[in-house]
Amino acid sequence: MAELFSCAMMPAASLQRADGALRLRFGQQAGITRLADLYQSDPCRALLPQPDPGEAATAVLITTAGGLTGGDRLQIAIAVDAQADALCTPQAAEKIYRATAEETAEIGIHLRAAAGARLEWLPQEMILFDGARLRRKVEIDLAADSLLLAGDMTVFGRTARGERFRQGLLFDRWQVRREAQPLWHDATRLDGDIAGLLDHPAGFGGAVAQALILYHGPEAEACRDLLREGLQADDIKGGVTLLGDLLLARLLDQDAARLRRHFATLWSVLRSRLGRPASMPRLWRF
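Figured I'd write up the structure that's included with this text. The written sequence of each chain sets the order in which its residues are numbered from 1. Residues qualify for local features only when their pLDDT is at least 70, as the model is predicted, and side-chain atom pairs are given and counted only at 80 or more; totals for whole chains, interfaces and linings, by contrast, use all residues. The side-chain values count all of the structure's non-hydrogen atoms but skip hydrogen atoms and water molecules.

## A few points about the environment of Glu55
For the record, the criterion: Where helices and strands are cited, they refer to DSSP runs of H or I of at least four residues and of E of at least two residues respectively, numbered from the N terminus. Contact criterion: two residues are considered in contact whenever any of their non-hydrogen atoms come within 4.5 Å of each other.
Within the fold, Glu55 resides in the loop between β3 (44-47) and β4 (57-63). Each C-alpha atom of the pair Glu55 and Leu197 lies 40 Å from the other, and the pair is 142 residues apart in sequence. Those residues in contact with Glu55 that sit more than four places away from it in its chain are Leu87, Arg271, Arg276, Pro277 and Pro281.

In structure tokens, the structure reads:
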């Protein structure tokens, strides 16, 4: 995970606050998924490369500011219309720089998959610098027969430098609805004695990174068993839960790079259920 020079060391008054938005909608025409709507404002951008063989229509998301700090706001909305098929992935890890106690960065993400649609929301890491302050809300709306593979990876500090996320704020909320009915809601709040919460055996058990994988689709029970076997084989800390047709996996690790490798292994198992190659996309590997 290469790290760029941190603008967190610059005086707060010299920073121009970001207030960006990105809206993407994919539709199907003559059996082919095409971009149906695009709106973007700085610092949000979307690139639409030619998909690799076997891959879906692909959008690569970019934050041109290089990271977020207190007062920055991003709103991202991805919609996949009926029977359409799309893959969305960021270009690189998202960096959340330290901020003053009076200012907090905000990210809003809304994903929607209509009837018969397939949506893959494939993350890169989100790195929380020590002193970062972030409120994020992720909302996912599904049809009864839509397929979803979505996830998240969060790293608590610039671990390559020996830094840990000890002070600041993380308030992360996830809401999944199917046919407008609540399916899964979850919230994580880290503030105050963050180091103590991360180290506590009943909390994060000393982990420096966490990951989340969500899968909604057919054969969810069989996928649960496959992921549990994968966790045992890799000897990593994690668990897999089934909520109806929604599969939920969580991973914790004391090594962020190792967590990324384990995440990719488990993610690849699920990709074939969406008709994708059983390997990570080329764009994600670089």
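## A look at the pairing of β3
Filter applied, for reference: Exposure is judged per residue with a 1.4 Å probe applied to protein chains only, and the accessible area is read against the type maximum: over 50% gives exposed, under 20% gives buried, and values in between give partly exposed. A pair of strands is labelled paired if DSSP reports no fewer than 2 bridges between them.
In β3, alternate side chains face the same way, and those of Cys44 and Ala46 are buried while those of Arg45 and Leu47 on the opposite face are not. Bridge count between β3 and β4: 4 bridges; the pairing is antiparallel. By the bridge assignment, Cys44 is partnered in β4 with Thr63.

## A few points about the sheet that holds strand β13 (residues 169-178)
Rules: Comment: axis = line fitted to C-alpha atoms, over the contacting stretch for helices; angle = value between 0 and 180 degrees taken between N-to-C directions.
On the basis of which strands lie adjacent, the open sheet formed by 7 strands has the order β2-β1-β5-β8-β11-β13-β14 and mixed pairing. Bordering the open sheet on either side are β2 (32-41) and β14 (181-190), each of which pairs with just one other strand. Taken pair by pair, the neighbouring strands of this sheet meet at an average axis angle of 10°, ignoring direction. In this structure, β13 lies alongside β14, joined through 9 bridges in antiparallel fashion.

## A closer look at the state of the cysteines
Put simply, the rule is: Note on terminology: disulfide denotes any pair of cysteine sulfur atoms within 2.5 Å.
Counting across every chain of the model gives 0 disulfides. The structure places no disulfide on Cys88, whose sulfur is separated from the nearest cysteine sulfur, that of Cys44, by 13 Å. Accessibility expressed as a relative area gives 0% for Cys88, which makes it buried.

## Examining the pattern of salt bridges
Rule in force here: We define a salt bridge as a contact between a side-chain nitrogen of Lys or Arg and a carboxyl oxygen of Asp or Glu at a distance within 4 Å.
The final tally for this structure, using the stated rule, is 26 salt bridges. Close ionic contact of Asp152 with Arg136 constitutes a salt bridge, the shortest N to O distance being 3.1 Å. Remark: Arg136 occurs in strand β11 (residues 133-142) and Asp152 occurs in strand β12 (residues 147-156); sequence separation between them is 16 residues. Take Asp152: its relative accessible area is 6%, and that puts it in the buried class. In this structure, Arg177 engages Asp141 in a salt bridge whose closest nitrogen and oxygen atoms are separated by 2.8 Å.

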